[in-house]
Amino acid sequence: LPATDRARLLDEADRALAAGRLSSPSDGRGARELYTAVLALEPDHAPARDGLRAVAQAALARAVERIASDDNEGAREALALARSLALPMAELAPVEASLRLREAEESELGKLLERAERARREERLDDGPDSAVAIYLRAREVAPDSALVQVGLRGALSDLLQRALWALQADDAAAAERIVQRVQEVDPGHLDLPGLRARLAEWRQAADSRVEARFDEGELARYRGDLVEAAAIYRQVLASRPAHGGARAGLDAIAAIHARLANEAAAKGEFGMA
């Protein structure tokens, strides 16, 4: 070809490289194909050789970008292009190693996600190392930025918080509190946490009201002289509120009454009653 045509091919190749169109075997309009066309006409054409080296470097840079964006297929294609242009192994090797590591992580991540989803379907949410939350946490260590892991983990935690709600409905606040604390440890920003905390606070307030109402019943029974009933009520109050000072004082008062009655009976010689 005349020199002007070679210059046109070289110009097209440079523009293709600048546009990121590194290779296009289907129509021959990629930078690699155009630089190769120039070299086919003039094997010692230095600018075309420099152009192919630039294509190889651009392909390597693209592979690095694809790995960073989790596009392993695109990274493999870019590396294959760089390798086909005889880029030195010293430059290729680190990127290839990074891709192999990412592929291994993806393989492990896929297995972990499958196990976690199975555990969640079987309602094994947080009861040991083979439960859904534990497996998702291991998956998060493998892929901290994985959206699939985050979505799965938050779903499992939502299931856990639903159990906390059921526990509250069954008046098992201790179980609900344990679940809320666990979710707080794993995902402090979980969207369902504020609602559960509010429900737990409401339950505590209502429970406190019920306990105080029951304590008042014990006080009335004691003042009526129904000491056995009063003692039973005070014990119920202390079972749910061990630090309840009023119920403890009520039991002490009943014990003091019995001690006084025992002394009086003994003074009268009624030792059986005493």
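Above this text is the structure in question.
Reference entry: report on the structure contained in this document. Not measured: the values here are computed from a predicted model.

Let's talk about the packing of helix α10 (residues 227-240) against helix α11 (residues 245-267)
Put simply, α10 and α11 touch, their axes get as near as 9 Å, and they point 150° apart. The angle between the axes of α10 and α11 places the two elements in the roughly antiparallel class. Seen from above, α10 lies across α11 with left-handed handedness. Across from Leu227, Ala230, Ala231, Tyr234, Arg235, Val237 and Leu238 in α10, the residues of α11 making contact are Ala247, Arg248, Gly250, Leu251, Ile254, Ile257 and His258. Here the residues of the contact of α10 with α11 are counted per class, giving 10 nonpolar, two polar and two charged.

Quick look at the side chain of Glu33
Take Glu33: it is sitting in helix α2 (residues 31-41). For Glu33, a relative accessible area of 18% translates into the label buried. Side-chain polar atoms of Glu33 contact the side chain of Ser23, separated by 2.8 Å. Beyond its immediate stretch of four places on either side in the chain, Glu33 contacts Leu22, Ser23, Ser24, Pro25 and Gly28.

Here we look at helix α7 (residues 147-169)
Every α-helical turn comprises 3.6 residues, leaving residues that sit three or four positions apart pointing alike. Between its first and last C-alpha, α7 extends 33 Å over 23 residues, near the 33 Å set by a 1.5 Å rise per residue. Taken together, the buried positions of α7 are Val149, Gly152, Leu153, Gly155, Ala156, Leu157, Leu160, Leu161, Ala164, Leu165, Ala167 and Leu168.

With respect to the pattern of salt bridges
Any two side chains of opposite charge can pair, given that their charged atoms come close. Within the structure shown, the criterion is met by 24 salt bridges. Taking the shortest distance from any N to any O, the salt bridge between Arg124 and Asp130 comes out at 3.6 Å. The class for Asp130 is partly exposed, based on a relative accessible area of 41%. Between Arg224 and Glu229 there is a salt bridge, with its nearest N and O atoms 3.7 Å apart. By relative accessible area, which is 51% here, Arg224 ends up exposed. In the salt-bridge network here, residues are joined through shared partners; they are Arg115, Glu122, Arg124 and Asp130.

Things to note about the packing of aromatic side chains
Inspection of the entire model under this criterion finds one aromatic pair. Here the basic side chain of Arg210 rests over the ring of Trp203, its NZ or CZ set 5.7 Å away from the ring centre.

A closer look at the nonpolar core
Leu109, Val133, Tyr136, Leu157, Leu160, Leu161 and Val183 are the most contacted members of the largest nonpolar core, which totals 34 residues. Where this core is concerned, the elements lending two or more residues are α5 (89-121), α6 (132-142), α7, α8 (173-186) and α9 (193-224). Tallying contributions element by element places α7 first for this core, with nine residues. When sequence neighbours within four positions are dropped, the list of residues in contact with Val133 reads Leu125, Asp126, Leu153, Ala156, Leu157, Leu160, Arg182 and Val186. Judged by nonpolar contacts, the second largest core, of 27 residues, contains Val38, Val55, Ile67 and Leu79.

Section: the side chain of His45
Secondary-structure assignment places His45 in the loop between α2 and α3 (46-68). With residues up to four places along the chain from it excluded, the contact list for His45 reads Leu10, Val38 and Leu39.

So, how was this worked out
- Residues numbered from 1 in each chain as written.
- Predicted model: local features only at pLDDT ≥ 70, side-chain atom pairs only at ≥ 80, totals over all residues.
- Heavy atoms only, no water.
- Axes fitted to C-alpha atoms, helices over the stretch in contact; angles between N-to-C directions.
- Helix = DSSP H or I, 4+ residues; strand = E, 2+ residues; numbered from the N terminus.
- Parallel < 35°, antiparallel > 145°, perpendicular 65-115°, else oblique.
- Left-handed = near helix turned anticlockwise from the far one by under 90°.
- Contact = heavy atoms within 4.5 Å.
- Nonpolar A, V, L, I, M, F, W, Y, C, P; charged D, E, K, R; others polar.
- Buried < 20%, exposed > 50% of the residue type's maximum accessible area, 1.4 Å probe, protein only.
- Polar contact = N/O pair within 3.5 Å; in protein donor to acceptor, adjacent residues only side chain to side chain.
- Expected span 1.5 Å × (residues − 1).
- Salt bridge = Lys/Arg side-chain N within 4 Å of Asp/Glu carboxyl O.
- Phe/Tyr/Trp six-rings, centres within 6.5 Å; stacked < 30°, edge-to-face > 60°.
- Lys NZ or Arg CZ within 6 Å of the ring centre and 35° of its normal.
- Core = buried A, V, L, I, M, F, W, Y, C linked by side-chain atoms within 4.5 Å.

Honestly, it's all geometry; don't read function into it.
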